[in-house]
Amino acid sequence: MIRRLVILFLAPLSLCAVAALAQESPDALVKRVSEDVLASIRADKDLQAGNQAKVKELIESKLVPHFDFTRMTALAMGRNWRSATPEQQKQLTDQFRTLLVRTYSGALSNYRDNTIDYKPLKMNPGDNEVTVRTEVRRPSQSPVPIDYSMEKTADGWKAYDIIVAGVSLVTTYRDEFGDIIKTSGIDGLVKALGDKNRGPAPK
Amino acid sequence: MNALHHILTPALAAVLLAGCAATPSRVDPLEPWNRAMYSVHETVDTAVIKPVAQAYVRNTPDPVRTGVSNFFGNIDDLFSGINDVLQGKANRAGDAFGRVLLNSTFGIAGIFDLASMAGIPKDKNDFGLTFGKWGAPDGPYLFIPLFGPTTVRDGTGWLVRIYTSPIGYIDEWAVRWSLWGLGYLDTRAQLLDSETVLDTAALDKYRFLRNAYLRSRRYQLYEGNPPPETEE
């Protein structure tokens, strides 16, 4: 009974929280999500051991909603994006999203001992695009700068690129995609991504 | 002998195949050769070095491995400091030499990274970047088996470092070579995690690694503000 009452009272609270999140600034969003994910990893032995199902669930529920995969795919495609049919664009976005989720699923358990330093945000009022800068500190190693390119959407701020130590995810894939499209066309790229995603997850 | 044969035959086959597939470009004029070297590397690494590194990680307690990494990290700091000086970065040189001093003494030859605990930041610097600051161009990209991605300039930097490393001054050859070996193993073991990322992320591992290497070096050279790349 008490539990039900508690839920009843908590429900409107969580609605308030959702409303507050809609106006959350991009740097606050990055911080909240990063700390949330780090806390989850630190608290869960399965995640630390790299339990793929659980890691994937964590990524899908906590990280994926904050990324704009369509824009990431469009940027990675460069000028080839416009020559792709809407159907191809959808397939590419789905495959690219799967690839990125898989990659992060393999890597996330390594982050347990990391701490993140959040740099002050340089942003003018009315900006719809910003870069949120962070620095990941690892024990006894030099820190790695990780920047997030973010855009304002009706659905809150979303990331469309991650730049790790100066290496942009989107640009790196633009090279990959461009070379494949040159030799085997857009369908060739869809196929290459599909094959990659169907392959075994490396251990 | 037989084992070597097993390693070399697929390696040679891969070299021939890779050589055909690649066409050189402006970023990588030696691509066919590099891809061949990459195949050799992959074959030897998969057969021998990676399993040894994995066994090392599995069978060595974490604190011991951390101590080993710190020991070699202390030598890294020494070279970072030297290159900070060569590039006229007094503050960073101070941090680097402060770290070496603290860790070499109270940290017992670098095994304990007291400097990090004391909050002295660790930064990387190397001869390749120094040569770059002095105006030396990268030169062609190179993939060297059992060493990894580099360029003519960065590779030259590494040669300078290997020739001047304190480990080279150890008289006892057994100790000297054990330390070279352990340092290599430590580096390889540290790469196991990022390698998983590369395996999952890359459609073409050779190309992915090359582009990531060249971009990240550019970023380091320009200290986080590289000029925009020219479109091809």
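1. Quick notes on the interface of chain B and chain A
On the side of chain A, 28 residues touch chain B, which itself brings 24 residues to the contact. When the two sides are added together, the surface that chain B and chain A hide from each other amounts to roughly 2,400 Å², 55% of it contributed by carbon and sulfur. For chain B, the biggest contributors to the area lost against chain A are Thr200, Leu203 and Arg215 of chain B; these three give 29% of the whole. Our count for the contact surface shared by chain B and chain A stands at three salt bridges. Residue Arg207 of chain B pairs with Asp179 of chain A through a salt bridge whose shortest N-O separation is 3.1 Å. Our count for the contact surface shared by chain B and chain A stands at nine residue pairs in polar contact (both at pLDDT 80 or more). Of all the secondary structure elements, the ones that give two or more residues to the side of chain B that touches chain A are helix H8 (173-201) and helix H9 (205-221) of chain B. Taken together, the residues that form the side of chain B that touches chain A break down as seven nonpolar, seven polar and 10 charged.

2. Concerning the nonpolar core
Met72, Met77, Phe96, Met150, Tyr173, Phe177 and Leu189 of chain A are the most contacted members of the largest nonpolar core, which has 49 residues in total. Those residues in contact with Met77 of chain A, other than ones at most four positions away along the chain, are Leu92, Phe177, Ile181, Ile186 and Leu189 of chain A. Counting residues in hydrophobic clusters, the runner-up holds 13 residues, among them Tyr56, Phe72, Phe127 and Ile167 of chain B.

3. Some remarks on helix H7 (residues 86-107) of chain A
Taking 1.5 Å as the rise per residue, H7 of chain A with 22 residues should run 32 Å; its terminal C-alpha atoms sit 32 Å apart, in good agreement. Buried residues along H7 of chain A sit against helix H4 (52-63), helix H5 (69-77), helix H6 (80-83) and helix H8 (169-198) of chain A together with H8 of chain B.

4. Some words on the confidence of the model for chain A
Residues of chain A with pLDDT of at least 70 account for 87%, and the chain-wide mean is 85. Per-element confidence in chain A is highest for H5 of chain A, whose mean pLDDT is 95, and lowest for helix H1 (residues 2-22) of chain A, whose mean pLDDT is 52.

5. Considerations on the side chain of Asp204 of chain B
Structurally, the position occupied by Asp204 of chain B is in the loop between H8 and H9. A residue is classified by how much of its surface remains accessible, and Asp204 of chain B, at 17% relative accessible area, is buried.

6. Considering the side chain of Asn74 of chain B
Topologically, Asn74 of chain B is positioned in helix H3 (residues 62-86). Non-local contacts of Asn74 of chain B, meaning those with residues more than four positions away in its chain, are made with Arg99, Val100, Asn103, Ser104, Ala109 and Gly110 of chain B.

7. As for the packing of aromatic side chains
Applying the stated criterion to the full structure yields 14 aromatic pairs over all chains. Judged by centre distance (5.3 Å) and plane angle (70 degrees), the rings of Phe96 of chain A and Phe177 of chain A are edge-to-face. You can see Phe96 of chain A sitting in helix H7 and its partner Phe177 of chain A sitting in helix H8, a full 81 residues away along the chain. Judged by centre distance (6.2 Å) and plane angle (55 degrees), the ring pair of Tyr141 of chain B and Tyr213 of chain B falls under tilted. Of the two residues, Tyr141 of chain B is situated in strand S1 (residues 141-144) and Tyr213 of chain B in helix H9; the sequence distance between them amounts to 72 residues. The pair Tyr141 of chain B / Tyr213 of chain B is uniform in exposure class, with both members buried. Counting every residue linked through ring pairs, the aromatic cluster contains Tyr38, Tyr141, Phe143, Tyr206 and Tyr213 of chain B. The ring centre of Tyr160 of chain A lies 3.7 Å from the NZ or CZ of Arg71 of chain A, which sits over that ring.

8. Observations concerning a nonpolar patch on the surface
Residues and elements named next belong to chain B. On the surface, Ile144, Phe147, Trp158 and Ile162 cluster together into a nonpolar patch covering about 340 Å² of accessible area. Position of Ile162 relative to the elements: it lies in helix H7 (residues 152-164). Under the relative-accessibility criterion, Ile162 is labelled partly exposed at 38%.

9. A few points about the pattern of salt bridges
Counting across every chain of the model gives 42 salt bridges over all chains. With a closest N to O distance of 3.0 Å, Asp195 of chain A and Arg198 of chain A form a salt bridge. Of this pair, Asp195 of chain A and Arg198 of chain A both sit in helix H8, separated by three residues, roughly a single helical turn. Overall, Asp195 of chain A belongs to the partly exposed group, its relative accessible area being 36%. Note on Arg198 of chain A: relative accessible area 63%, which makes it exposed. As a salt-bridge pair, Arg210 of chain B and Asp28 of chain B come within 2.9 Å of each other at their nearest N and O atoms.

10. Describing the confidence of the model for chain B
The predicted model of chain B averages 88 in pLDDT, with 88% of residues at 70 or higher. Per-residue pLDDT stays below 50 along residues 1-22 of chain B; that stretch engages in 17 contacts with residues further than four places along the chain or on separate chains.

11. So, the environment of Arg35 of chain B
All names here are of chain B. By the secondary structure assignment, Arg35 is in helix H2 (residues 31-59). Exposure remark for Arg35: the relative accessible area of 15% places this residue in the buried category. Counting along the chain gives 65 residues from Arg35 to Val100, while the straight-line C-alpha distance between them is 38 Å.

12. Notes on the environment of Ser168 of chain A
All names here are of chain A. By the secondary structure assignment, Ser168 is in strand S5 (residues 167-168). Once you skip the residues sitting within four places of it in the chain, Ser168 turns out to touch Asp161, Ile162 and Ile163. From its side chain, Ser168 meets the backbone nitrogen of Val170 in a polar contact 3.3 Å long. A polar atom in the side chain of Ser168 sits 2.7 Å from the side chain of Thr171.

13. Points about H7 of chain B
The end-to-end C-alpha distance of H7 of chain B, which contains 13 residues, comes to 18 Å, matching closely the 18 Å that a straight helix rising 1.5 Å per residue would cover. Looking at the buried residues of H7 of chain B, the elements they touch are H3, helix H6 (127-133), strand S2 (148-151) and H9 of chain B.

Rules used throughout
Residues numbered from 1 in each chain as written. Chains lettered and ligands numbered in written order. Predicted model: local features only at pLDDT ≥ 70, side-chain atom pairs only at ≥ 80, totals over all residues. Heavy atoms only, no water. Contact = heavy atoms within 4.5 Å. Buried area = accessible area lost by both parts, 1.4 Å probe. Salt bridge = Lys/Arg side-chain N within 4 Å of Asp/Glu carboxyl O. Polar contact = N/O pair within 3.5 Å; in protein donor to acceptor, adjacent residues only side chain to side chain. Helix = DSSP H or I, 4+ residues; strand = E, 2+ residues; numbered from the N terminus. Nonpolar A, V, L, I, M, F, W, Y, C, P; charged D, E, K, R; others polar. Core = buried A, V, L, I, M, F, W, Y, C linked by side-chain atoms within 4.5 Å. Buried < 20%, exposed > 50% of the residue type's maximum accessible area, 1.4 Å probe, protein only. Expected span 1.5 Å × (residues − 1). pLDDT = per-residue confidence, 0-100. Phe/Tyr/Trp six-rings, centres within 6.5 Å; stacked < 30°, edge-to-face > 60°. Lys NZ or Arg CZ within 6 Å of the ring centre and 35° of its normal. Patch = residues over 30% accessible without salt bridge, like charges linked within 9 Å, V, L, I, M, F, W, Y side chains within 5 Å. Areas by Shrake-Rupley, 256 points an atom, 1.4 Å probe, with all protein chains shown as cover.

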